[in-house]
Amino acid sequence: MGNSLKFMKKLIVVADWANDSLCNQEFQSATEGFLKKTLDCRISFVSSTPSTIHTSYIIQQIVSTEERLGKPRQTVLFGNTDPRVQTKTATNKAQGADFVIVKLKSGMFLCGPNAGHSFSLIKNKISKIYLHKDLSKGSQFRSRELYSKASAQLVENRMSELELIEASTDIVPDLKAMFIGHIDNYGNIKTTIKLSELRTKHSPGDHVNVEINGIKKTANFVDNLFGGNLGDLVIYPGSSGDIDNPYVEISIWRHFTEKDISTGREVFGNPRPGNKITLS
């Protein structure tokens, strides 16, 4: 019996519904039901917001970590944020973005609706991208009824069962301008700005004008969150993205014993991932 079973790949789910435990269990139950070769399914869930930029940021960070420290060839990632950004009018049968299967140069597979910028931040890592026929419409419950099946098929290397058409990476839009990628539990604002971009106009020690959510502030460019004085607003290379060229963050060093414990999130009026950032 042991020889007939195969070690399955782990499945990481990044979705804007993943903070709902019922949705997570339904998706897990459905995925396990579609498995044919394995007894157990190792699934983990990471919650995003309805911003496809947020989802993209989370996806790139998980991919980056898997490629450096994990087992990318044994990992499948399903990303599901599809707020129907392509339309403002009624959709037929809840039609959403085209479902794609993505193979990265590292051997890792990703899948999910190609909505907005969901896959933009891993575009340079893509080896092959395929469209999956007939998964873009037909049910409000595609995550449970259809996407779970495709995820199970990928996990078990049942690629021959997928109706795939190879496509160009051009179907994944580039992410231009500067945005909030993620806000962590401390209120630190993680941006889509790479350190190399910041350094084209600024040097450590400079004062950088930052506008987010209609609020303008001046931040000190330092080499880490704790590189300035306690209570100063700072912009600095963060812990996400490439180690040699990380995404920068904006926040305030706090001991969290002060009367004022505001960090980047509060200073800029509680913005959301996906909000635009302007530097000058």
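Attention here is on the structure that accompanies the text.

Reading the values: the criteria
- Residues numbered from 1 in each chain as written.
- Predicted model: local features only at pLDDT ≥ 70, side-chain atom pairs only at ≥ 80, totals over all residues.
- Heavy atoms only, no water.
- Buried < 20%, exposed > 50% of the residue type's maximum accessible area, 1.4 Å probe, protein only.
- Helix = DSSP H or I, 4+ residues; strand = E, 2+ residues; numbered from the N terminus.
- Pairing = 2+ DSSP bridges.
- Phe/Tyr/Trp six-rings, centres within 6.5 Å; stacked < 30°, edge-to-face > 60°.
- Polar contact = N/O pair within 3.5 Å; in protein donor to acceptor, adjacent residues only side chain to side chain.
- Salt bridge = Lys/Arg side-chain N within 4 Å of Asp/Glu carboxyl O.
- Axes fitted to C-alpha atoms, helices over the stretch in contact; angles between N-to-C directions.
- Contact = heavy atoms within 4.5 Å.

1. A word on the pairing of strand β1 (residues 10-15)
Then, number 1: Where burial is concerned, most of β1 is hidden: five out of the six residues are buried.
Then, number 2: Alignment of β1 against strand β3 (residues 75-80), held across six bridges, turns out to be parallel. Along β3, the bridge assignment pairs valine 14 with glycine 79.
Then, number 3: Summarising the sheet, β1 and strand β2 (residues 43-47) pair through five bridges and their orientation is parallel. Residue pairing across strands places leucine 11 opposite isoleucine 43, the latter belonging to β2.

2. Side note on the packing of aromatic side chains
Then, number 1: Counted under the stated rule, the structure contains nine aromatic pairs.
Then, number 2: When the centroid spacing of 6.3 Å and the interplanar angle of 85° are considered together, the rings of phenylalanine 27 and phenylalanine 45 count as edge-to-face. With phenylalanine 27 in helix α1 (residues 21-34) and phenylalanine 45 in strand β2, the pair connects residues that are 18 residues apart, well separated along the chain.
Then, number 3: Phenylalanine 45 sits in the partly exposed class, given a relative accessible area of 24%.
Then, number 4: The interplanar angle of 35° and the centroid separation of 6.1 Å between the aromatic rings of tyrosine 186 and phenylalanine 256 together place this pair among those described as tilted. Placement of the pair is tyrosine 186 in the loop between β8 (180-183) and β9 (189-194) and phenylalanine 256 in the loop between β13 (246-252) and α5 (264-267), with a sequence separation of 70 residues.
Then, number 5: Ring pairs connect the aromatic residues Trp17, Phe27, Phe45, Phe78, Phe99 and Tyr147, which therefore count as one cluster.

3. Regarding the side chain of glutamate 66
Then, number 1: One can find glutamate 66 in helix α2 (residues 52-69).
Then, number 2: A distance of 3.3 Å separates a polar atom in the side chain of glutamate 66 from the backbone nitrogen of lysine 71.

4. Comments concerning the pattern of salt bridges
Then, number 1: Taken as a whole and judged by the stated rule, the model has 11 salt bridges.
Then, number 2: We note a salt bridge from lysine 125 to glutamate 67, for which the minimum N-O separation is 2.9 Å. Taken together, the positions of lysine 125 in the loop between β5 (109-113) and β6 (126-132) and glutamate 67 in helix α2 put the pair 58 residues apart, joining distant regions of the chain.
Then, number 3: For glutamate 67, a relative accessible area of 27% gives the class partly exposed.
Then, number 4: A salt bridge links glutamate 166 to lysine 128, with the nearest nitrogen and oxygen atoms 3.2 Å apart. Of this pair, glutamate 166 sits in strand β7 (residues 164-167) while lysine 128 sits in strand β6, and the two are 38 residues apart along the sequence.
Then, number 5: Classification of glutamate 166 by relative accessible area gives partly exposed; the value is 48%.
Then, number 6: You can call lysine 128 partly exposed: its relative accessible area is 35%.
Then, number 7: In the salt-bridge network here, residues are joined through shared partners; they are Lys36, Glu156, Arg158 and Glu161.

5. Brief notes about the sheet that holds β3
Then, number 1: Across the sheet, which stays open at both edges, the seven strands sit in the order β2-β1-β3-β5-β4-β6-β7 with mixed pairing between neighbours. Only two strands of the sheet have a single partner each, and these edge strands are β2 and β7. When the angles between neighbouring strand axes are averaged without regard to direction, this sheet yields 25°.
Then, number 2: In this fold α2 packs onto β1, β2, β3, β4 (99-104) and β5, with an angle of close to 155° to the strand it touches most, β1.

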